[in-house]
Amino acid sequence: MYLDGQEILRDNMPTGTITGSTLASTGVYDNDESALHEKSVPLAGIKAGTNVLAVEVHQAGPSSDLSFWMELAASVAPPATPTVISSNATWRFRDNGESYDASWRTASFNDSAWKSGRGEFGYGDGDETTTTGKATTVRFRHVFNVSNPAAYSALSARMVRDDGAVVYLNGSEIARSNMPSGTVTNTTLASSNIAGSAEKTVQMLSIPPSKLVVGANVIAVEVHQAWASSSDLSFSFALDGTVVATAPTPAPAPTPTPTPTPTPTPTPTGGVPTEAVLPALPSGASLVFTEEFTNDTSWRNTWLPYQNNYMEPNGIKNYWLSKNTTQVSSEGGFLRMTGLKESVTMGGKTYNYTSGMVGSRDKGKYFPAFGRYAFAARMPHGHAEWTCIWLRHRSGSSVLEVDLSDQFEAQGAGTATNAVHKPSTERMNLLNHPVYIEDPFQAPTWHVWSVDIIKIDSKTVDFKFYVDGRLTSTYRDAKADSWITKAPEDAAFDIAIDHKIGGNWVADPDVTPYNGKLTNGTTGVRAGTIPDSKYPSYLDVAWTKVWKF
């Protein structure tokens, strides 16, 4: 099937170029000849105006019959009031009571030394998700990306503050609640004490969308006590946007092509960033590895696709099936991992989904302990998607795991997580920082994920994470000798890339529409703030590069 000359689906057909003499992969007989096949097709390229769907039906050999019937149904449009910041989003916060100037309110401020956690914040009430220290003033920051500020006609915030708060957007004050007028400092007290049920009253704030900018934006909030020895503090914040309804400009009707040329895998043109978006390399850094997936052979010297391997831990519902030509392949300039809704039985258990994963350790390929790892990738959106690009220590991920992008979209709409884990030596989450990437209702776009691993001394290592060249997370490991000594410095990590479906930390793919619950029963993002997963779904990687420091 083709949309305006581009292939969007093939069913029961071999890979590669299709001609008029190509035969179907298998014959279809009896009741199967009239069976209805439901398929999801990517229609991101559909235009206003005239579009052309073209379908070629092939026989499996000499045949006495042929059948074709098709119906096209579209899913509903995204909600008109998408959540920009969810109430359980991750914020950076400072609770040491220090004095400060206005720079902390801006998007360019470096908050990597601040603590982080998910809302609700506070102490003393027992209902906090993240406990803060006791101070007269506690400051909070949340950075989010906006690709098109003009798309929003209004912004509405829901805030809980005990006792008072001042709110800033990109450095400009946009609201103050239960606070005196005039200059505010770290010792300024709220106007009055908030007690009882009023402590949880939601304050509705109207925020001018004209304050938004393209790219990184920051909401900064300072919460003040009514007196320095207050017994409790509360803060939560959510931001919703109203999307401008505009009709698309009709595109010229395409000229139908009698015999369109099939394109088995679309070429990643129009927006794949290059390494030029990355920050400057330190002196002496050298490029030691690059892969651009220009064909389906070279990358297999570095990574082995997992075959006939199923995922039991963490509630994951997919099976790594040995279908490398369709589920893990590289044609047309990028590596593609395809998630499918299909049943496969192994070990007496049936799995309803299949997908792909590759690991370099399975080919004996390891990379330096200290350097820069960078990937250009395009992640799928959906309530049950769990994709990951990660580094595993040569002695096992229980010694050290570094996640450049660990996507739990059901926990944060449009986000992916930077993480550092040392589960067997210290604790699971040394760093676990969600980063807003893009609107989950838009078609997935390309981004560059990178991490710099910098040796300070024999026991100290810094991790600096970037998305599209923007510093998103930092972590200093002061006990790095626990993993440095367990592998050669030139061959300490392997690179794994995987596309999981379902799991305890995302939503159940079999529960649709998404109901706001994760597979493990805990609460995820609000229903309606992320789309349901659709299959096939795709994780694409356009290039990867490694530099040694």
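Okay, so let's go over this structure.

Rules used throughout
Residues numbered from 1 in each chain as written. Predicted model: local features only at pLDDT ≥ 70, side-chain atom pairs only at ≥ 80, totals over all residues. Heavy atoms only, no water. Helix = DSSP H or I, 4+ residues; strand = E, 2+ residues; numbered from the N terminus. Contact = heavy atoms within 4.5 Å. Areas by Shrake-Rupley, 256 points an atom, 1.4 Å probe, with all protein chains shown as cover. Buried < 20%, exposed > 50% of the residue type's maximum accessible area, 1.4 Å probe, protein only. Polar contact = N/O pair within 3.5 Å; in protein donor to acceptor, adjacent residues only side chain to side chain. Pairing = 2+ DSSP bridges. Axes fitted to C-alpha atoms, helices over the stretch in contact; angles between N-to-C directions. Salt bridge = Lys/Arg side-chain N within 4 Å of Asp/Glu carboxyl O.

### Points about the overall build of the chain
- If you tally the helices and strands in the chain, you get 2 helices and 33 strands.
- Pairs at least 24 residues apart make up 73% of the contacts formed inside the chain by residues separated by at least 6 positions.
- For the chain, the accessible area works out to roughly 24500 Å², and carbon and sulfur atoms hold 51% of it.

### Some remarks on the side chain of Asp452
- With respect to the helices and strands, Asp452 occurs in strand E29 (residues 447-455).
- You can call Asp452 buried: its relative accessible area is 5%.
- Side-chain polar atoms of Asp452 contact the side chain of Arg372, separated by 2.7 Å.
- The contacts of Asp452, once residues within four sequence positions are left out, are Gly371, Arg372, Asp462, Phe463, Lys464, Tyr466 and Phe549.

### Quick look at the sheet that holds strand E6 (residues 115-118)
- Taken in spatial order, the 6 strands line up as E6-E5-E9-E14-E11-E12 in an open sheet, and their pairing is antiparallel. If you trace the sheet from one side to the other, it starts and ends with E6 and strand E12 (172-177), each paired once. Direction aside, neighbouring strands of the sheet carry axes that sit 25° apart on average.
- Bridging between strand E5 (residues 90-94) and strand E9 (residues 137-146) involves 3 bridges; their strand directions are antiparallel. Paired with Phe93 across the strands is Phe140, a residue of E9.

### What to know about the pattern of salt bridges
- Taken as a whole and judged by the stated rule, the model has 23 salt bridges.
- Ionic pairing is found between Asp111 and Arg141, a salt bridge with its closest N-O pair at 3.0 Å. You can see Asp111 sitting in the loop between E5 and E6 and its partner Arg141 sitting in strand E9, a full 30 residues away along the chain.
- For Asp111, a relative accessible area of 14% puts it in the buried group.
- Measuring nitrogen to oxygen at the nearest pair gives 3.4 Å for the salt bridge that ties Arg526 to Asp240. With Arg526 in the loop between strand E32 (493-501) and strand E33 (537-548) and Asp240 in strand E15 (residues 233-243), this pair connects stretches of sequence that are 286 residues apart.
- On the basis of relative accessibility, which here comes to 44%, the residue Arg526 falls in the partly exposed class.
- A network of salt bridges, in which partner residues are shared, links Glu120, Asp125, Asp127 and Lys200.

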